[in-house]
Amino acid sequence: MFTSLELLTTSFVAVGLAADAVAVSLTSGLMIRHIHVNKALKIALFFGGFQAIMPMIGWGIGLTCRDFLASFDHWIAFIILGAIGSKMIYEAVQNDDEEKKFNPLDSYTLIGLAIATSIDALVVGLGLSMIKTPLLLACTVIGSITFALCFIAVFIGHKFGNLFSQKVEILGGLVLILIGSKILIEHLIA
């Protein structure tokens, strides 16, 4: 059972872990032309689900792999987000209307984005294995907070996307590249 302090601490950790997923959800909302609750739910479920599952995976990996994983997790996030962001920019500047545009609702795209933004949650799971925080409760809090914030962020992004509809794919691609760069720089400096 969580104490009040553990719940508060886990909630703050969850908000921190959700920051990148929220930024990507905002960007996804920018890209969606006709918003429906089910579209926002899909995005929020992917991000919230991965944020809930990754600490469990981290817990399972155990402390023996912590240093190994920490040595390259930031590169994985940087490469995935950079590649998806670059693809978005490339597609936005193409004049060929028949070329497939970036689709933030594509399940494979969402899996890549959810993995890239939840790698830190995997490392948190490794940390949770060292302390006596109840894993399932922590994962539930992390996943729930991420889900709620991402759900709201999709609608906020959509609202701004309708106001500034010109070349939002370029903006979205730049945001993803910047998030990947931020993750890489934070880990390289630390």
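Residues numbered from 1 in each chain as written. Predicted model: local features only at pLDDT ≥ 70, side-chain atom pairs only at ≥ 80, totals over all residues. Heavy atoms only, no water.

Things to note about the UniProt feature "transmembrane region" (unreviewed entry) in the protein chain
UniProt annotation of "transmembrane region" (unreviewed entry) refers to residues 12-32, 44-63, 75-93, 105-129, 135-156 and 168-185 when read in the numbering used here. End C-alpha to end C-alpha, residues 12-32 measures 29 Å, and it is 95% helix and 0% strand. Structurally, residues 75-93 comprises 100% helix and 0% strand, and the distance from its first C-alpha atom to its last is 27 Å. (UniProt positions renumbered as here; feature names shortened; annotations may be inferred. Helix = DSSP H or I, 4+ residues; strand = E, 2+ residues; numbered from the N terminus.)

With respect to the pattern of salt bridges
One pass over the structure, following the stated rule, counts two salt bridges. Lys182 serves as the salt-bridge partner of Asp20, at 3.2 Å between the closest nitrogen and oxygen. Here Lys182 lies in helix α7 (residues 168-189) and Asp20 lies in helix α1 (residues 4-31), a separation of 162 residues in the sequence. By relative accessible area, Asp20 is classed as buried at 9%. In this structure, Lys182 and Glu186 form a salt bridge, with 3.5 Å as the shortest nitrogen-oxygen distance. Linking Lys182 with Glu186, this pair stays in helix α7, spanning four residues, or about one helical turn. (Salt bridge = Lys/Arg side-chain N within 4 Å of Asp/Glu carboxyl O. Buried < 20%, exposed > 50% of the residue type's maximum accessible area, 1.4 Å probe, protein only.)

Side note on helix α2 (residues 37-61)
Between its first and last C-alpha atoms α2 spans 36 Å; for 25 residues at 1.5 Å apiece the expected length is 36 Å, and the two agree. All of the buried residues along α2 are Ala40, Ile43, Ala44, Phe46, Phe47, Gly48, Gln51, Ala52, Met54, Pro55 and Gly58. (Expected span 1.5 Å × (residues − 1).)

So, the environment of Ile35
Assignment of secondary structure puts Ile35 in the loop between α1 and α2. Along the primary structure Ile35 and Phe155 are separated by 120 residues, whereas in three dimensions their C-alpha atoms are 7.6 Å apart.

Structural notes on the nonpolar core
Judged by nonpolar contacts, the single largest core of 28 residues is most densely connected at Val24, Ile43, Phe47, Leu81, Leu113, Cys150 and Leu176. Those elements that provide at least two residues to this core are α1, α2, α4 (73-93), α5 (107-128), α6 (135-163) and α7. With six residues, the single largest contributor to this core is α1. Leaving out residues up to four positions away in the same chain, Leu113 has contacts with Val24, Phe47, Leu81, Ile84 and Leu176. Ranked by size, the runner-up nonpolar core spans six residues in total, among them Ala14, Leu17, Leu122 and Ile142. (Core = buried A, V, L, I, M, F, W, Y, C linked by side-chain atoms within 4.5 Å. Contact = heavy atoms within 4.5 Å.)

Things to note about the packing of α1 against α5
One can describe the packing of α1 onto α5 by two numbers: an axis separation of 9 Å at closest approach and a directional angle of 170°. With respect to their mutual orientation, α1 and α5 come out roughly antiparallel. Packed against α1, whose contacting residues are Val13, Leu17, Asp20, Ala21 and Val24, the element α5 presents Leu113, Thr117, Asp120, Ala121 and Val124 at the interface. (Axes fitted to C-alpha atoms, helices over the stretch in contact; angles between N-to-C directions. Parallel < 35°, antiparallel > 145°, perpendicular 65-115°, else oblique.)

With respect to α1
Taking 1.5 Å per residue, 28 residues should reach 40 Å; α1 reaches 39 Å between its end C-alpha atoms and fits that length. Helix geometry: α1 is bent most strongly at Ala19, by close to 45°. (Bend = angle between axes of the 7 residues up to and from the residue.)

Section: the packing of aromatic side chains
Any two aromatic rings considered together are summarised by their centre-to-centre distance and by the angle between their planes. By the definition in use, this model includes three aromatic pairs. Between the aromatic rings of Phe147 and Phe151, the centroid separation amounts to 6.2 Å while the plane-to-plane angle is 15°, which identifies the pairing as stacked. One end of the pair, Phe147, and the other, Phe151, are both in helix α6, four residues apart, so they sit about a helical turn from each other. A centroid spacing of 5.2 Å and a plane angle of 70° characterise the contact between Phe151 and Phe155, whose relative ring orientation is edge-to-face. One end of the pair is Phe151 and the other is Phe155, both in helix α6 and four residues apart, which spans about a single turn. (Phe/Tyr/Trp six-rings, centres within 6.5 Å; stacked < 30°, edge-to-face > 60°.)

Quick look at the environment of Asp73
Along the chain, the position of Asp73 falls in helix α4. Judged by relative accessible area, which is 1%, Asp73 ranks as buried. Other than its neighbours up to four places away in sequence, Asp73 contacts Ile119, Asp120, Val123 and His187.

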